[in-house]
Amino acid sequence: TWAWSITVGEIIDIHTTLYRHTSRGVLDQLGIPSLAKSLYRQLSTGQRRRVDLAVALAHEPDLIVLDEPTSGLDKHFTAALHSIIEERSSARATILVATHEATDVAALDRILWFHNGKVIEDSTPKALVQQK
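Quick caveat: nothing in here was measured; it's all calculated off a predicted structure.

(A) A look at the layout of surface pockets. Estimates place the volume of the largest pocket at around 1,000 Å³. Elements with a minimum of two residues in the lining of the largest pocket: helix 4 (75-90), strand 2 (94-98), strand 3 (111-115) and helix 5 (125-131). With five residues, the single largest contributor to the lining of the largest pocket is strand 2.

Have a look at this one:
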């Protein structure tokens, strides 16, 4: 959680200091440059989500764990996030996504579907579509 008095630009500066690498491509895809002068406290829920995703993804980690990552995002930034996930997957990153959104799983290689704490399906997106 960020202090309410911090700007988005300061958050990105902290990120860059901590990780020594910040992908401008990730920031651009999530529309972060246009928010740089904004106070974090004045952002909408979707804008805060984009900043939080940028902090999680801009250092291009090899392990990514996302919980309902598209919650609060509009279609444009949902598509941008999917693109970032595909790019990280192509770079051989391990990505774990917990989601209720069917559109979020299209770029993933494997789906584990849980019900009441038990795995009821272990498949691929393509195989699941063919079953329907």
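(B) Examining the pattern of salt bridges more closely. Evaluation of the coordinates by the stated rule reveals two salt bridges. Between arginine 88 and aspartate 62 there is a salt bridge, with the nearest N and O atoms lying 3.6 Å from each other. Linking arginine 88 in helix 4 with aspartate 62 in the loop between helix 3 (45-57) and strand 1 (63-67), this pair joins segments that are 26 residues apart in sequence. For arginine 110, the salt bridge is made with aspartate 122, and the minimal N-O distance between the two is 2.8 Å. One end of the pair, arginine 110, is in the loop between strand 2 and strand 3; the other, aspartate 122, is in strand 4 (residues 118-123), with twelve residues separating them in the sequence. The class of arginine 110 is exposed, set by a relative accessible area of 52%. Overall, the relative accessible area of 44% leaves aspartate 122 in the partly exposed class.

(C) Broad picture of the nonpolar core. Core analysis: the largest hydrophobic core is formed by 29 residues, its most contacted members being Val8, Leu30, Ile32, Val51, Leu53 and Leu57. Contributions of two or more residues to this core are made by helix 1 (8-19), helix 2 (24-29), helix 3, strand 1 and helix 4. Among all residues touching isoleucine 32, those that are not within four sequence positions of it are Val8, Ile12, Leu27, Arg50, Val51 and Ala54.

(D) Just helix 1, in detail. Between its terminal C-alpha atoms helix 1 stretches 16 Å, which fits the 16 Å expected from twelve residues at 1.5 Å a residue. Contacts made by the buried residues of helix 1 are with helix 2 and helix 3.

(E) Representation of helix 3 in the model. With 13 residues, helix 3 should reach 18 Å at 1.5 Å per residue; the first-to-last C-alpha distance of 18 Å fits that figure. Those residues of helix 3 hidden inside the fold are in contact with helix 1, helix 2, strand 1 and helix 4.

(F) Geometry of the pairing of strand 1. Side chains Ile64 and Leu66 of strand 1 all project onto a buried face; the interleaved residues Leu63, Val65 and Asp67 project onto a face where none is buried. Where strand 1 and strand 2 come together, five bridges link them in parallel fashion. Bridge pairing in strand 2 places leucine 66 opposite valine 97. With respect to chirality, the unit in which strand 1 leads through helix 4 into the neighbouring parallel strand 2 is right-handed.

What counts, and where the lines are drawn
Residues numbered from 1 in each chain as written. Predicted model: local features only at pLDDT ≥ 70, side-chain atom pairs only at ≥ 80, totals over all residues. Heavy atoms only, no water. 1 Å grid on protein atoms, 1.4 Å probe; cavity = no way out; pocket = protein on both sides within 12 Å on 5 of 7 lines; lining within 4 Å. Points joined across faces, edges and corners; volume = space filled by probe spheres on them. Helix = DSSP H or I, 4+ residues; strand = E, 2+ residues; numbered from the N terminus. Salt bridge = Lys/Arg side-chain N within 4 Å of Asp/Glu carboxyl O. Buried < 20%, exposed > 50% of the residue type's maximum accessible area, 1.4 Å probe, protein only. Core = buried A, V, L, I, M, F, W, Y, C linked by side-chain atoms within 4.5 Å. Contact = heavy atoms within 4.5 Å. Expected span 1.5 Å × (residues − 1). Pairing = 2+ DSSP bridges. Right-handed = clockwise from strand over helix to strand, strands pointing away.

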